[in-house]
Amino acid sequence: MTEAQLRNKANELRRSVVELVYKSQTGHIGGDLSECDLMTALYYDIMNTDPKRPEDPDRDRFVLSKGHCVETYYAILADKGFIDKKELESFSRYKSRLIGHPNRQIPGIEVNTGALGHGLPLACGMALAGKRQNRQYRVFCLMGDGELAEGSIWEAAMFAANYRLDNLYAILDRNHLQISGPTEDVMRLEPLSKKWEAFGFEVMTINGNNMEEILKAFDYLSTVAGKPKLILADTVKGKGVSFMENGVKWHHGSLTEEQYQAAMAELKESEVELV
């Protein structure tokens, strides 16, 4: 896909997420919308995945450490053909396998996540296994900034650098908000880039809602050998829907009919015209 096509795909996925949350009346929509550009780049440009071979031993691995923001994940898996799009209608319904956090019963999902701070340690294990088995796959782990208060994240960071896991790409969705307020009020994180560099990572700080910057970051980091990588992606919670942007109340929430129609119209208007 071209950069413009990727931007439109991210927009399309945002509409899918808004519809999913509206119909189910539940979901962590703010973080879904902030992570959407990053996940679009991963699944439609960067990663080696195949819905026809979800257990391919050489597939790239993806771990959604911020597992509560699963709605974007499900929308992508349906769009890519890992699951039937009709199954999205069952999200958070009784006996549905599309529960509120990633579920390994679903093709394309590597691991159940949701207990914050666990994703990066799991990704490190996958990356080390790939190294020891001489596999060429890469491991991508998307974290939320609020979960950096968990000590297990920093233990994993030490581990990754110690074992020179250059097949590990950590991605931080730095939207500056968590359920109880701004991250810098709840548990101060800055200076983040310097912390990750001190732990032995190659760090790139980008606008995580800018497709061009996302693609350039992955392109550069693919040339870095001997150390793990981190993309510090500065994002906007609720990105793409003006009344949700930078609003902590939309960490989790449902939409009224009026809000749903307004969000869908706004997202439709922001599509890029393809030549």
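On a predicted model such as this, the values are computed, not experimentally measured, just so you know. (Residues numbered from 1 in each chain as written. Predicted model: local features only at pLDDT ≥ 70, side-chain atom pairs only at ≥ 80, totals over all residues. Heavy atoms only, no water.)

Undergrad: Sorry, what's going on with the overall build of the chain here?
TA: Assigned secondary structure in the chain consists of nine helices and seven strands. Its C-alpha atoms give the chain a radius of gyration of 18 Å, within 12% of the compact-globule value 19 Å for 275 residues. The principal-axis extent of the C-alpha atoms belonging to the chain is close to 50 × 45 × 45 Å. Across the 275 residues that make up the chain, the buried fraction comes to 53%. Partitioning the contacts of the chain with sequence separation of at least 6, the portion at a separation of at least 24 is 75%. The average position of the 33 basic charges and that of the 40 acidic charges among the side chains of the chain differ by 5 Å. (Helix = DSSP H or I, 4+ residues; strand = E, 2+ residues; numbered from the N terminus. Rg over C-alpha atoms; globule rule 2.2 N^0.38 Å. Buried < 20%, exposed > 50% of the residue type's maximum accessible area, 1.4 Å probe, protein only. Contact = heavy atoms within 4.5 Å. Lys, Arg positive; Asp, Glu negative; His and termini not counted. Charge placed at Lys NZ, Arg CZ, Asp CG, Glu CD.)

Undergrad: How should I be thinking about the packing of aromatic side chains in this particular structure?
TA: On inspection of all chains with the given rule, the structure shows 13 aromatic pairs. Seen from their ring centres, Y74 and F91 are 6.0 Å apart, and the 65° between their planes marks the pair as edge-to-face. Of this pair, Y74 sits in helix α3 (residues 71–80) while F91 sits in the loop between α3 and α4 (119–132), and the two are 17 residues apart along the sequence. Since its relative accessible area comes to 2%, F91 is described here as buried. Pairing F140 with Y169 gives two aromatic rings, centres 4.8 Å apart and planes at 25°, and the pair type is stacked. (Phe/Tyr/Trp six-rings, centres within 6.5 Å; stacked < 30°, edge-to-face > 60°.)

Undergrad: Just to check I follow, could you spell out the pattern of salt bridges for this structure?
TA: If the charged atoms of two oppositely charged side chains come close together, the side chains can form a pair. Summed over the entire model, instances satisfying the criterion amount to 19 salt bridges. Here D173 and K66 are joined by a salt bridge, their closest N and O atoms 2.6 Å apart. Of this pair, D173 sits in strand β3 (residues 168–174) while K66 is found in the loop between β1 (61–64) and α3, placing the two residues 107 residues apart along the sequence. Accessibility classification places D173 together with K66 in one group, the buried group. Across the pair E212 and K216 runs a salt bridge whose closest N-O atoms are separated by 3.0 Å. Here E212 and its partner K216 are both found in helix α8 (residues 211–221), four residues apart, which amounts to about one turn of the helix. Overall, the relative accessible area of 53% leaves K216 in the exposed class. If you follow the salt bridges from partner to partner, you end up with K9, E12, D79 and K85 in one network. (Salt bridge = Lys/Arg side-chain N within 4 Å of Asp/Glu carboxyl O.)

Undergrad: I'm lost on the side chain of R59 in this one. Help?
TA: For R59, the location among the structural elements is in the loop between α2 (29–46) and β1. Residue class for R59 comes out buried when judged on its relative accessible area of 11%. A polar atom in the side chain of R59 sits 2.7 Å from the backbone oxygen of D56. Other than its neighbours up to four places away in sequence, R59 contacts N48, P54, E110 and Y137. (Polar contact = N/O pair within 3.5 Å; in protein donor to acceptor, adjacent residues only side chain to side chain.)

Undergrad: Mind showing me how you'd approach the nonpolar core here?
TA: The tendency in soluble globular proteins is for nonpolar side chains to be buried as a group. With 56 residues, the main nonpolar core has F62 and L255 as its most contacted residues. Considering every element that reaches this core, the biggest residue donor is α2, with ten residues. Other than its neighbours up to four places away in sequence, F62 contacts M39, L42, Y43, M47, Y73, E110, F140 and L142. By size, the runner-up hydrophobic cluster in this structure holds 29 residues, among which are V63, L120, L128 and A157. (Core = buried A, V, L, I, M, F, W, Y, C linked by side-chain atoms within 4.5 Å.)

That's the geometry; what it means functionally is another story.
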